Amino acid sequence: MGIIGNQFANVVEWEEFDENMIFWKWTNKEIKKGSRLIIRPGQDAIFMYQGKIEGVFTDEGDYDIESKIIPFLSTLKGFKFGFNSGMRAEVLFVNTKEFTIKWGTKGPIMLQAPGLPGGMPVRANGTANIKVTDYTTLIDKVAGVKQSYMVDDVKLRIITILDQLLMKWISKEGKDMFNLQASAFDISKGIQEDLDMETSKDGISVTGFSINNFNYPEEVQNAINKNAAQSMVGDVGKYSQLSMVDAISDGKVGAGNSTMGNMAEMMMGAQMANQMMGNMGMGMGQPMANQQQGQVPPQGQPAAAGEGPKFCPNCGTPTNGAKFCSNCGTQLV
């Protein structure tokens, strides 16, 4: 008789396991004598009878239902299998992992901003983390009418209300509309609390929420970038010089390809030469004779009585006591 009974035995397991599935229901089957329950890592098994929870099993393993499961069921613990008869029950398998949802606004959010009467269109994207935390609520609100439940089902619900929550928390006082990324943490924290209140109605908690980027229209983003660069440098003059250096380094000007490139290279060359001369103790335009003797007397300065100048007042060449400059022919006495 045992052989006849066991041939009707079945295996209760998650037959359609999917990493993106939140739960799957084993149903419409009669559990026979000798049947087994298989719980895999990352799964919980919930026995239900007439829509009510009979027992929750969280440890992975392979269990004989008659001897290892039924004794722990609330109203079925005294159930006895008869000949060719079984127990009509449902088993809900729940994926216990934390799911990550990537989200993005469906369209631009129009935010009030100074100088923009029609508002400023802003988009955003980021991630949200969800996890099943209340089995009773999950069964009452979702599993009672669904065979399975996917992460995309929760994602759709989140995105439906996300635009409104973004507007709510961005509009809080003290937010700089042109630098929302600086307030991303506070905005994310507020949105997570509101989303968690919404999804908890289905037994699911929002365990994390983050905003990766706020995206402005291209012309607004360009203006923000220029303003930030100018503020970093400190004044318009230095900003212009920095822009010129960046243009040369990027190959946009220079190498004789444009007048701006030639000018930039000349300016940089003169600046570098002046710095080198300064390091050598000479300013640009000083006679090279300074390396040999003291500073050249100003041009036109009369020589001491009874002797000629030591340097030509015209070109700075040493006179060596001559009456005429050996370089330019200027009369020295």
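> Could you give me a rundown of the sheet that holds strand β4 (residues 36–39), with the residues and numbers involved?
Taken in spatial order, the three strands line up as β1-β4-β7 in an open sheet, and their pairing is mixed. Each edge of the open sheet is held by one strand with a lone partner, namely β1 (11–12) and β7 (61–64). Here two bridges tie β1 to β4, and the two strands are oriented parallel to one another. In the sheet register, V11 faces β4, and the bridge partner there is R36.

> Go over the environment of G82 with me, naming the residues and quoting the values.
Mapped onto the elements, G82 comes out in the loop between α2 (65–69) and β8 (87–88). Expressed as a C-alpha distance, the spacing of G82 and K33, which sit 49 residues apart in the sequence, is 8.0 Å.

> Lay out the pairing of strand β6 (residues 52–57) with the relevant residues and their values.
Across five bridges, strand β5 (residues 43–49) lies against β6 in antiparallel orientation. Bridge pairing links F47 to G55 in β6. The hairpin turn running from β5 into β6, its antiparallel successor, is two residues long, and Q50 in that turn takes a positive phi close to 55°.

> Help me get a handle on helix α4 (residues 151–170), residues and values and all.
With 20 residues, α4 ought to run about 28 Å at 1.5 Å a step, and its terminal C-alpha atoms sit 27 Å apart, in line with that. In the structure, α4 departs most strongly from a straight axis at L162, where the bend amounts to approximately 40°. Buried within α4 we find V151, V154, I158, I159, L162, D163, L165, L166, W169 and I170.

> Residues and numbers for unusual backbone geometry, please.
Even without being a glycine, Q50 presents a positive backbone phi close to 55°. Turning to its location among the elements, Q50 is positioned in the loop between β5 and β6. On the basis of relative accessible area, Q50 is assigned to the exposed category, the value being 70%.

> Mind laying out the packing of aromatic side chains, listing which residues take part and the relevant values?
For the coordinates displayed, the defined rule picks out seven aromatic pairs. Geometrically, the ring pair formed by F23 and Y149 is stacked, given 5.8 Å between the ring centres and 25° between the ring planes. Residue F23 is located in strand β2 (residues 21–26), and its partner Y149 is located in strand β13 (residues 148–150); the two are separated by 126 residues in the primary sequence. Take F23 and Y149: they sit in the same class, and that class is buried. Ring geometry for F79 against F81: centres 5.1 Å apart, planes inclined by 90°, an arrangement best described as edge-to-face. Overall, F81 belongs to the buried group, its relative accessible area being 12%. Taken together, the ring pairs in this structure connect W14, F17, W24 and F93 into an aromatic cluster. If you follow K172 out to its NZ or CZ, it ends over the ring of W169, 4.9 Å from the centre.

> I'd like to hear about the side chain of T127, residue by residue, with values.
You can see T127 is positioned in strand β12 (residues 116–132). Side-chain polar atoms of T127 contact the side chain of S210, separated by 2.9 Å. If we skip the residues at most four places from it in the chain, T127 touches T100, I101, K102, W103, G208, F209, S210 and N212.

> Tell me about the environment of N314, and please be specific about residues and values.
Looking at where N314 falls in the secondary structure, it is placed in the segment after α8 (259–279). Each C-alpha atom of the pair N314 and C328 lies 7.8 Å from the other, and the pair is 14 residues apart in sequence.

> Quick rundown of the side chain of S188? Include the residues and the values.
For S188, the location among the structural elements is in helix α5 (residues 184–199). By relative accessible area, S188 is classed as buried at 5%. Those residues in contact with S188 that lie beyond four places of it in its chain are F209, S210 and I211.

> How would you explain helix α3 (residues 135–143) if you had to name every residue and give the values?
Inspection of α3 places Y135, T137, L138, I139, V142 and A143 among the buried residues, and these make up the whole buried set. Summarising the contacts, the buried residues of α3 are in contact with β2, β5, β6, β9 (90–95), β12 and β13. Sitting at the amino-terminal end of α3 is D134, which places a side-chain oxygen 3.2 Å from the backbone nitrogen of T136.

> Please give an account of the pattern of salt bridges that cites residues and values.
The tally for this structure, following the rule as stated, stands at nine salt bridges. A salt bridge links E30 to K32; the shortest N-O distance between them is 2.8 Å. Connected via shared salt-bridge partners are R157, E198, K201 and D202.

> Could you give an account of the nonpolar core, with specific residues and numbers?
I22, I130, L166, I191 and F214 are the most contacted members of the largest nonpolar core, which has 44 residues in total. Residue contributions to this core peak at eight residues, all from α4. Contact partners of L166, with chain neighbours within four places excluded, come to W103, T105, I109, A124, I191 and I211. Membership of the second largest hydrophobic core comes to 21 residues, among which are W26, I69, L73 and M87.

Rules and cut-offs
Residues numbered from 1 in each chain as written. Predicted model: local features only at pLDDT ≥ 70, side-chain atom pairs only at ≥ 80, totals over all residues. Heavy atoms only, no water. Pairing = 2+ DSSP bridges. Helix = DSSP H or I, 4+ residues; strand = E, 2+ residues; numbered from the N terminus. Expected span 1.5 Å × (residues − 1). Bend = angle between axes of the 7 residues up to and from the residue. Buried < 20%, exposed > 50% of the residue type's maximum accessible area, 1.4 Å probe, protein only. Phe/Tyr/Trp six-rings, centres within 6.5 Å; stacked < 30°, edge-to-face > 60°. Lys NZ or Arg CZ within 6 Å of the ring centre and 35° of its normal. Polar contact = N/O pair within 3.5 Å; in protein donor to acceptor, adjacent residues only side chain to side chain. Contact = heavy atoms within 4.5 Å. Salt bridge = Lys/Arg side-chain N within 4 Å of Asp/Glu carboxyl O. Core = buried A, V, L, I, M, F, W, Y, C linked by side-chain atoms within 4.5 Å.

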